[in-house]
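Close look at the chain arrangement
Read off the chains here:
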Protein chains: 2
Amino acid sequence: MYKPATIKDIALALHLSPSTVSRALRDGYEISEETKKLVVAYAEKVNYKSNPIALSLKNKRSYSIGIVVPKLANSFFSQAIAGIESIAYERGYHTIITQTHDSTERERANVHHLAQRSVDGLLISVSAETSDFNFLKTLHDDGLPIVFFDRIIDEIDTFKVTSDNFKGAYNAVESLIKAGKHKIALLSNSPHLSITNERLSGYMKALVDNHIPFRSELIRNCNKGGNDYQEVEDAVKDLLHMPEKPDAIFISSDRISISCVRALKSLNFNPKEIAIAGFANSDVVDLLYPSLSYVKQKSFEMGQIAVEMLLKLIESKYPITEFETRILDTEFHLSPL
Amino acid sequence: MYKPATIKDIALALHLSPSTVSRALRDGYEISEETKKLVVAYAEKVNYKSNPIALSLKNKRSYSIGIVVPKLANSFFSQAIAGIESIAYERGYHTIITQTHDSTERERANVHHLAQRSVDGLLISVSAETSDFNFLKTLHDDGLPIVFFDRIIDEIDTFKVTSDNFKGAYNAVESLIKAGKHKIALLSNSPHLSITNERLSGYMKALVDNHIPFRSELIRNCNKGGNDYQEVEDAVKDLLHMPEKPDAIFISSDRISISCVRALKSLNFNPKEIAIAGFANSDVVDLLYPSLSYVKQKSFEMGQIAVEMLLKLIESKYPITEFETRILDTEFHLSPL
DNA sequence: ATGAAAGCGCTAACAG
DNA sequence: CTGTTAGCGCTTTCAT
């Protein structure tokens with residue numbers, strides 16, 4: 001069985017005490033150069049590695065951070081996680097990733113599981129279903145560092161990072177209008193989410209600025225957030241059966257954009273009859289047919305920023321009281337058609 | 001600051017010894033019903049949760065498993081990870097996910113990092129670049145349980161699970177032949193990988209069975225495995241500039257399939273001139289244009305099976321010497337065109 | 001400059 | 001049935 005060398009082993013071999021070895025290894029100022037060299041050399045030789053579990057127990061720090069996202073298979077989140085990873089790894093932290101599948105119950109269970117695993121902090125993009133965040137607030141009040149990304153909430157005062165959802169939506173809708181579309185439907189995610197509302201505002205503002213009356217009957221909420229394809233197809237079908245059929249659809253959610261493309265394809269609509277524009281982070285969104293204009297978020301970067309904020313929180317010697325909410329630009333890509 | 005209740009706290013409050021409390025909590029047979037009730041009730045009241053780190057130190061078990069995959073953003077792997085998670089979570093393990101980006105160096109670093117973090121076992125799909133697996137063999141010999149999935153290797157004797165790559169490739173190539181294609185090129189991943197070779201065999205066998213001569217000049221290896229788009233585009237361009245241009249391409253790798261679609265699109269080829277069939281697990285592969293026939297692996301299931309094998313290895317009281325390699329069926333989907 | 005001892009939270013002999 | 005003790009690997013007073 002694998003049996004790594006411990007400080008005790010080194011101490012024994014070198015006829016020193018464990019404390020001396022410990023200090024030597026950590027370059028303590030009180031240890032003679034000679035002893036240090038001796039210890040370091042021997043440690044190298046037996047391939048000594050400090051035991052992170054023992055360290056955790058001692059320091060009450062686990063050097064791990066918990067990540068809670070709705071769905072791993074969602075490109076936006078897997079990209080963001082790659083970004084988180086890239087930083088966390090080099091700073092000596094590892095990540096424990098959990099998915100909520102947009103269920104409040106799973107979200108709560110995951111968060112508690114992570115807290116109990118004594119993660120040093122939490123990175124979370126909240127579930128679409130959740131409206132009561134007391135379970136998070138309690139943990140946060142108890143001192144667990146938390147950073148929100150993408151789907152942020154107001155209830156808790158801490159670092160947050162998200163996209164400029166308003167502007168992203170505005171640009172997309174404006175492009176549809178410029179292409180001559182005037183009956184623009186909106187397919188949106190659960191109204192619980194911050195991003196949903198910001199994108200809705202962008203949609204409305206673009207209409208207003210272009211003197212197009214807002215028509216609430218053109219709005220469809222998909223509360224399952226694209227996890228349920230049928231819900232989206234029904235909404236699309238419904239829109240296309242209206243007496244005054246929309247000539248474009250703006251989709252304010254990544255997964256729903258994809259589902260909408262699929263629905264239009266299965267209903268045999270082509271992009272010339274019904275234009276679509278939506279938020280989408282899939283790495284193949286430019287290859288889809290029917291094609292669409294899309295708003296891409298800086299997912300990787302967002303992950304990096306979020307974890308940097310969290311590490312600042314975790315590693316700060318003094319409690320932080322000034323929090324920042326970073327808003328990242330989005331990229332807009334016009335459909336080729 | 002968050003300060004969870006410990007066994008000692010409970011013992012103190014109830015005027016018992018820590019060991020009694022520990023035993024009561026774990027339903028030890030030697031404890032009176034009365035005491036048990038008392039302890040459990042109080043534990044409930046103060047919301048006692050056992051400290052997993054202390055447990056790990058004591059038991060030399062971390063209840064965590066390490067996952068090493070080439071790329072998280074690759075659909076196949078994110079799906080497999082979702083499968084792993086679904087089982088691991090309910091069995092009380094958490095997962096530490098790392099990516100190699102198909103680099104040997106990162107693979108080695110990640111594996112060591114995980115081993116040092118004292119994961120109880122390792123789930124790995126090897127990097128395309130790696131040919132020397134001694135670093136894994138050493139750990140395995142030292143007793144670290146390892147299960148290989150998808151990209152498996154021969155050098156280490158343990159549980160493995162992968163797809164029927166031979167048959168998957170055979171079916172895909174056969175479908176191209178049935179569609180009247182006779183000059184079928186092969187775009188393949190690094191020849192280091194088990195799956196590459198199995199898929200190559202399937203390709204060749206389908207040709208032979210249909211009396212089509214094998215022409216080595218129709219084969220292109222993309223050693224960067226689709227991580228480098230340009231490499232794939234160059235290969236495709238090259239193929240299409242041959243004097244006797246292929247009429248179809250079979251792609252033996254997920255990422256390369258996508259890159260090939262993108263290359264054909266940017267080169268303005270349509271699926272009628274050049275048919276494509278490839279391995280692909282993207283959840284939007286059916287919406288791509290140019291469209292393709294595709295072989296889909298049971299990624300989620302594979303993840304589940306892999307982690308179950310690993311848990312068997314980890315939790316077995318006696319050393320296991322009989323290992324199994326599971327081969328999962330693939331699904332074939334014909335292109336609509 | 002080095003060592004002894006205590007303790008992080010938990011469990012498992014070993015006693016009683 | 002319950003308590004005492006020791007120890008997992010490490011750091012950290014407090015001696016010396």
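Residues numbered from 1 in each chain as written. Chains lettered and ligands numbered in written order. Predicted model: local features only at pLDDT ≥ 70, side-chain atom pairs only at ≥ 80, totals over all residues. Heavy atoms only, no water.

A word on the interface of chain A and chain B
Put simply, the rule reads: Any two residues whose heavy atoms approach within 4.5 Å at even a single point are treated as in contact. Using a 1.4 Å probe, buried area is obtained as the accessible area two parts lose upon being combined, added over both of them. The salt bridge definition used is simple: a Lys or Arg side-chain nitrogen within 4 Å of an Asp or Glu carboxyl oxygen. In this text, helices come from DSSP runs of H or I with a minimum length of four residues, and strands from runs of E with a minimum of two, each type numbered from the N-terminal end. Note on residue categories: nonpolar means Ala, Val, Leu, Ile, Met, Phe, Trp, Tyr, Cys or Pro, charged means Asp, Glu, Lys or Arg, and polar means any other residue, Gly included.
Tallying the contact residues gives 47 residues for chain A and 48 residues for chain B. Interface area, chain A with chain B, both sides summed: about 4,400 Å², of which 59% is carbon and sulfur. Considering only the surface of chain A that becomes buried against chain B, Tyr 89, Arg 117 and Leu 287 of chain A emerge as the three largest contributors, covering 16% of it. Summed over the shared surface of chain A and chain B, the number is two salt bridges. Its salt-bridge partner being Asp 286 of chain A, residue Arg 262 of chain B comes within 2.5 Å of it at the nearest N-O pair. Counting residues per element, the side of chain A that touches chain B draws most heavily on strand E2 (residues 94–99) of chain A, at six residues. Grouping the constituent residues of the side of chain A that touches chain B by class yields 22 nonpolar, 15 polar and 10 charged.

Describing the nonpolar core
The condition that has to hold: Think of a nonpolar core as a cluster: buried Ala, Val, Leu, Ile, Met, Phe, Trp, Tyr and Cys residues, connected wherever their side-chain atoms sit within 4.5 Å. When accessible area is computed with a 1.4 Å probe and restricted to protein chains, residues below 20% of their type maximum are described as buried, those above 50% as exposed, and intermediate ones as partly exposed.
Ranked by size, the top nonpolar core spans 92 residues in total, and within it Leu 187 and Phe 250 of chain A together with Leu 187 and Phe 250 of chain B carry the most contacts. Here Leu 187 of chain B is in contact with Arg 220, Cys 222, Val 232, Ala 235, Val 236, Leu 239, Ile 249, Phe 250, Ile 251, Ser 252, Ile 256 and Cys 260 of chain B, once residues within four sequence places are set aside. Formed by 56 residues, the second largest nonpolar core is a distinct cluster that contains Ala 80, Ile 81 and Ile 314 of chain A together with Ile 84 of chain B.

Focus: unusual backbone geometry
The peptide bond linking Tyr 289 of chain A to Pro 290 of chain A adopts the cis configuration, its omega dihedral lying at 0 degrees. For Lys 60 of chain A, which is not glycine, the phi dihedral falls at a positive 55 degrees. Look at Lys 60 of chain A and you get exposed, because its relative accessible area is 70%. Of note in this structure, Tyr 63 of chain B is not a glycine but carries a positive phi near 50 degrees. Take Tyr 63 of chain B: it is sitting in the loop between helix H4 (52–59) and strand E1 (64–69).

Considering the protein's contact with DNA strand C
Rule in force here: Definition of nearness: a residue and a molecule or strand are near each other if at least one heavy atom of the residue lies within 4 Å of the molecule or strand. Any pair of nitrogen or oxygen atoms within 3.5 Å is treated as a polar contact; in protein, a donor-acceptor pairing is required on top of that, and neighbouring residues in sequence qualify only through side-chain atoms on both sides.
Close to DNA strand C lie 26 residues, the nearest being Thr 20 and Lys 60 of chain A together with Ile 7, Ser 22 and Tyr 48 of chain B. Within 4 Å of the protein, the contacting atoms of DNA strand C are 66% sugar and phosphate, with bases supplying the remainder. Between DNA strand C and Arg 26 of chain B, the relevant distance is 3.2 Å, taken from a phosphate oxygen to a side-chain nitrogen or oxygen of the residue. Of all the elements in the fold, those that place two or more residues in the surface near DNA strand C are helix H2 (18–25) and helix H4 (52–59) of chain A together with helix H1 (7–14), helix H2 (18–25) and H4 of chain B. Split by residue class, the surface near DNA strand C holds seven nonpolar, 11 polar and eight charged.

Considering a nonpolar patch on the surface
Applicable threshold: Note that patches include only residues with greater than 30% relative accessible area and no salt bridge, and the join distances are 9 Å for like charges and 5 Å for nonpolar side chains (Val, Leu, Ile, Met, Phe, Trp, Tyr). Only the protein chains shown count as covering a residue, and every accessible area follows the Shrake-Rupley method with a 1.4 Å probe.
Taken together, Tyr 289 and Leu 337 of chain A together with Tyr 289 and Leu 337 of chain B make up a surface patch of nonpolar side chains, about 400 Å² in accessible area. Here Leu 337 of chain B shows up in the segment after strand E12 (330–333). Residue Leu 337 of chain B is classed as exposed on the basis of its relative accessible area of 55%.

So, the protein's contact with DNA strand D
Taken together, 26 residues lie near DNA strand D, and Ile 7 and Tyr 48 of chain A together with Ser 19, Thr 20 and Lys 60 of chain B sit nearest. Sugar and phosphate atoms form 63% of the subset of DNA strand D atoms that lie within 4 Å of the protein. Contact distances for DNA strand D include 2.6 Å between a phosphate oxygen and a side-chain N or O atom of Tyr 48 of chain A. At 2.8 Å, a side-chain N or O of Thr 35 of chain B approaches a phosphate oxygen of DNA strand D. Of all the secondary-structure elements, those providing two or more residues to the surface near DNA strand D are helix H1 (7–14), H2 and H4 of chain A together with H2 and H4 of chain B. Residue classes in the surface near DNA strand D are distributed as seven nonpolar, 11 polar and eight charged.

Considering the environment of His 211 of chain A
Residue and element names in this part refer to chain A. Inspection of the secondary structure assignment puts His 211 in the loop between helix H9 (194–209) and strand E7 (219–221). For His 211, a relative accessible area of 73% puts it in the exposed group. Separated by 29 residues in the primary sequence, His 211 and His 182 place their C-alpha atoms 9.8 Å from one another.

Considering the UniProt feature "domain: HTH lacI-type" (unreviewed entry) in chain A
The condition that has to hold: UniProt positions are given in the numbering used here, feature names are shortened, and annotations may be inferred rather than shown by experiment.
The UniProt feature table records "domain: HTH lacI-type" (unreviewed entry) at residues 5–59 of chain A. Secondary structure over residues 5–59 of chain A splits into 67% helix and 0% strand, and the C-alpha atoms at its two ends are 21 Å apart.

Looking at helix H6 (residues 104–116) of chain A
For an α-helix, the turn length of 3.6 residues means that residues three or four places apart are oriented alike. Condition: Expected helix span is computed as 1.5 Å times (number of residues minus one).
With 13 residues, H6 of chain A ought to run about 18 Å at 1.5 Å a step, and its terminal C-alpha atoms sit 18 Å apart, in line with that. Those residues of H6 of chain A lying buried are Thr 104, Glu 107, Asn 110, Val 111, His 113, Leu 114 and Ala 115 of chain A. Where H6 of chain A is buried, its residues touch strand E1 (64–69), E2, strand E3 (121–124) and helix H7 (134–141) of chain A together with helix H5 (75–90) and strand E2 (94–99) of chain B. Capping the start of H6 of chain A, Ser 103 of chain A holds a side-chain oxygen 3.3 Å from the backbone nitrogen of Glu 105 of chain A, two or three residues further along. Where H6 of chain A terminates, the next one or two residues include Ser 118 of chain A, which has phi positive at roughly 50 degrees.

Looking at the relation of the copies chain A and chain B
The test is simple: Alignment of the copies relies on least squares applied to C-alpha atoms, considering only residues that score at least 70 for pLDDT in both.
When chain A is fitted onto chain B, the two copies agree to an RMSD of 0.1 Å after a turn of 180 degrees and an axial shift of 0.0 Å. Here the symmetry operator amounts to a two-fold rotation axis. Taking the C-alpha atom as reference, chain A places Leu 288 of chain A closest to the rotation axis, 2.3 Å from it.

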